[in-house]
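Chain by chain, the residues:
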2 protein chains.
Amino acid sequence: MAARRSGARDKRAQREDMPAGSGPSLSRERIVAVAVELLDAHGADGLTMRGLADRLGAGAMSLYWHVGSKEQVFDLALDAVLEYRAPPPDEGGDWRGDVVHMLEDWRARMLRHPWSASLLPRRALGPNILHRLELLGSALSRAGVADAHLNVAIWSLWNFVMGATVTRASFEGARVDKDAAPPHLARPGEDHPTIQRSHLLLDDDWDGAFRKGLDLLLDGLVPRG
Amino acid sequence: MAARRSGARDKRAQREDMPAGSGPSLSRERIVAVAVELLDAHGADGLTMRGLADRLGAGAMSLYWHVGSKEQVFDLALDAVLEYRAPPPDEGGDWRGDVVHMLEDWRARMLRHPWSASLLPRRALGPNILHRLELLGSALSRAGVADAHLNVAIWSLWNFVMGATVTRASFEGARVDKDAAPPHLARPGEDHPTIQRSHLLLDDDWDGAFRKGLDLLLDGLVPRG
DNA sequence: ACCTGAACACCGTTCAAGT
DNA sequence: ACCTGAACACCGTTCAAGT
């Protein structure tokens, strides 16, 4: 839905409505959907315009009528995965629950599509990201955060979630990645007593750590009522 | 220095010492150094094995004797950029200063090499990252954080910094990126009143926001003495 | 309006060979 | 021990052409 929004000068004009009975011919929606499937299956490096077209039963170059470039396919796929339909506003309700829900949904989606975490740093913020930022800001505002402190509050939460998902996805990926012993996944030896003592890298309660850190941050930003 | 560490089965054996007067022939160090230059100049997509070899005055394939693959060049370049020489321990000293210094150095380095932020999510954590984590943990431990809470504290700070640099680099990149109006850099219209009111996306005091958020987080994690 | 194949200008990497 | 060019199996994308 939000994936429709198009750059200034696509070859395709803003289309009217689907011609009704036209079956599953090529469309931007279908392309993006299959791209997400492929990305899920083979990762960011596994996506090929030729492969994507193949999977759609189309000639290799047919995609370019619906889509400007491979870059754009990445943009659209990322944005598609980041959509968020909030539960109804629940007037005068639980701001904290709203924030936690949205951020945990963010994290869950990114982890379900690990390529999205690796793509995110390269791409600008799309409409769905913007929407989440707005939600975050308005909830914090409702919670009583003064306008002067709003930016710091938003960024602190945002950064926490971004960092958590990116780091987690990177760790996950490292384990699957290569045949060879990854040259960079050094084990914490005697050089790293604190890490070893705290079991930092062995602790696999990522979810718990995320939730605790988030609570802590929220407490700091908005003193519990 | 740290970049020397090699995967299990490189074609090159662990070398003894440089043969002294052998001039600037090819070496892993030189390859990585030039790769960083090229990455700085042209971004992650601009690095080519052929181009890298060219710039080193070598035949295209000579690199493969020193390095296993392009992937490894990325790994080594990233790790090279993330090195950290801490100021001397300053026994019994200022843990908070140590933490802030290390994290601000981290952020500064990543922003000086924007490609590093975009590469990080795809790569496992190298020895230099591990070293920074150890520093962080030991400083927090010195500050009195109990072992049971150490992981949450480390991850909270880590995530904050990761998120901040990744987000910032992504914004910076978005502005330079394309010729066309980026389809995804939607402007906050009337749909996003909170963002607009808080000037979230216009505020360019990134450094200040980073520092404030960091202080806030540290206060939450380790009550000020 | 929508799709196509041939062709171009690239890639990373294998390999057999040079010194 | 170190470097090389030719060659392979791919890429994304342009273009002129089909329906």
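Residues numbered from 1 in each chain as written. Chains lettered and ligands numbered in written order. Predicted model: local features only at pLDDT ≥ 70, side-chain atom pairs only at ≥ 80, totals over all residues. Heavy atoms only, no water.

1. Overview of the overall build of chain A
Along the backbone of chain A there are 10 helices and zero strands. Shown N-terminal to C-terminal, the secondary structure of chain A runs as helices and strands in the order α-α-α-α-α-α-α-α-α-α. Residue pairs at least 24 apart in sequence account for 68% of intrachain contacts in chain A once pairs closer than 6 positions are excluded. Surface summary for chain A: the accessible area is close to 10,900 Å², and the carbon and sulfur share equals 52%. (Helix = DSSP H or I, 4+ residues; strand = E, 2+ residues; numbered from the N terminus. Contact = heavy atoms within 4.5 Å. Areas by Shrake-Rupley, 256 points an atom, 1.4 Å probe, with all protein chains shown as cover.)

2. Remarks on the protein's contact with DNA strand C
For DNA strand C, the set of nearby residues contains 17 residues, the closest of which are A:Gly59, A:Ser62, A:His66, B:Arg50 and B:Tyr64. Among the atoms of DNA strand C close to the protein, meaning within 4 Å, 54% are from sugar or phosphate groups. Note that a base nitrogen of DNA strand C is positioned 3.5 Å from one of the side-chain N or O atoms of A:Arg50. Within the backbone of B:Met49, a nitrogen or oxygen atom sits 3.1 Å from a phosphate oxygen of DNA strand C. Broken down by secondary-structure element, the contributors of at least two residues to the surface near DNA strand C are helix 3 (63-66) of chain A together with helix 2 (49-55) of chain B. (Near = heavy atom within 4 Å. Polar contact = N/O pair within 3.5 Å; in protein donor to acceptor, adjacent residues only side chain to side chain.)

3. Concerning the UniProt feature "DNA-binding region" (unreviewed entry) in chain A
Taking the numbering used here, the UniProt-annotated feature "DNA-binding region" (unreviewed entry) corresponds to residues 48-67 of chain A. End C-alpha to end C-alpha, residues 48-67 of chain A measures 14 Å, and it is 55% helix and 0% strand. (UniProt positions renumbered as here; feature names shortened; annotations may be inferred.)

4. A few points about the pattern of salt bridges
For the coordinates displayed, the defined rule picks out 23 salt bridges over all chains. Between A:Arg211 and A:Asp215 there is a salt bridge whose closest N-O contact spans 3.7 Å. Taken together, the residues span about one helical turn, with A:Arg211 and A:Asp215 both in helix 10 (residues 206-221) at a distance of four residues. On the basis of relative accessible area, A:Arg211 is assigned to the partly exposed category, the value being 35%. In this structure, the salt-bridge partner of B:Glu37 is B:Arg55, at a minimum N-O distance of 3.0 Å. In this pair, B:Glu37 is assigned in helix 1 (residues 28-42) and B:Arg55 in helix 2, connecting sequence segments 18 residues apart. Three or more residues are tied together by salt bridges with common partners; here these are B:Arg96, B:Glu104, B:Arg211, B:Asp215 and B:Asp219. (Salt bridge = Lys/Arg side-chain N within 4 Å of Asp/Glu carboxyl O. Buried < 20%, exposed > 50% of the residue type's maximum accessible area, 1.4 Å probe, protein only.)

5. Describing the side chain of B:His192
Inspection of the secondary structure puts B:His192 in the loop between helix 8 (147-176) and helix 9 (193-198). Those residues in contact with B:His192 that lie beyond four places of it in its chain are A:Leu130, A:His131 and A:Glu134.

6. What about the domain arrangement of chain A?
All names here are of chain A. In terms of domains, chain A is made up of domain 1 (2-81) and domain 2 (95-221). In this complex, domain 1 contributes 14 residues to the contact, which on the side of domain 2 involves 12 residues. When the two sides are added together, the surface that domain 1 and domain 2 hide from each other amounts to roughly 1,200 Å², 62% of it contributed by carbon and sulfur. The largest contributions to the domain 1 side of the interface with domain 2 come from Leu78, Asp79 and Val81, which together make up 48% of the buried area. At the junction of domain 1 and domain 2, the tally comes to zero salt bridges. Listed by contribution, the elements that provide at least two residues to the side of domain 1 that touches domain 2 are helix 1 (28-42) and helix 4 (70-81). Ranked by residue count, the leading element in the side of domain 1 that touches domain 2 is helix 4, at eight residues. (Domains from an automatic or database assignment. Buried area = accessible area lost by both parts, 1.4 Å probe.)

7. Examining the UniProt feature "domain: HTH tetR-type" (unreviewed entry) in chain A
Mapped onto the present numbering, the UniProt feature "domain: HTH tetR-type" (unreviewed entry) falls at residues 25-85 of chain A. Helix makes up 62% of residues 25-85 of chain A and strand 0%, whereas the separation of the span's terminal C-alpha atoms amounts to 28 Å.

8. Looking at the packing of aromatic side chains
For the structure on display, the rule yields six aromatic pairs over all chains. Here A:Trp206 and B:Trp155 contribute two aromatic rings whose centre-to-centre distance is 5.5 Å and whose plane-to-plane angle is 40°, an arrangement assigned as tilted. Placement of the pair is A:Trp206 in helix 10 and B:Trp155 in helix 8, with the two residues belonging to separate chains. In terms of burial, A:Trp206 and B:Trp155 fall into one category: buried. (Phe/Tyr/Trp six-rings, centres within 6.5 Å; stacked < 30°, edge-to-face > 60°.)

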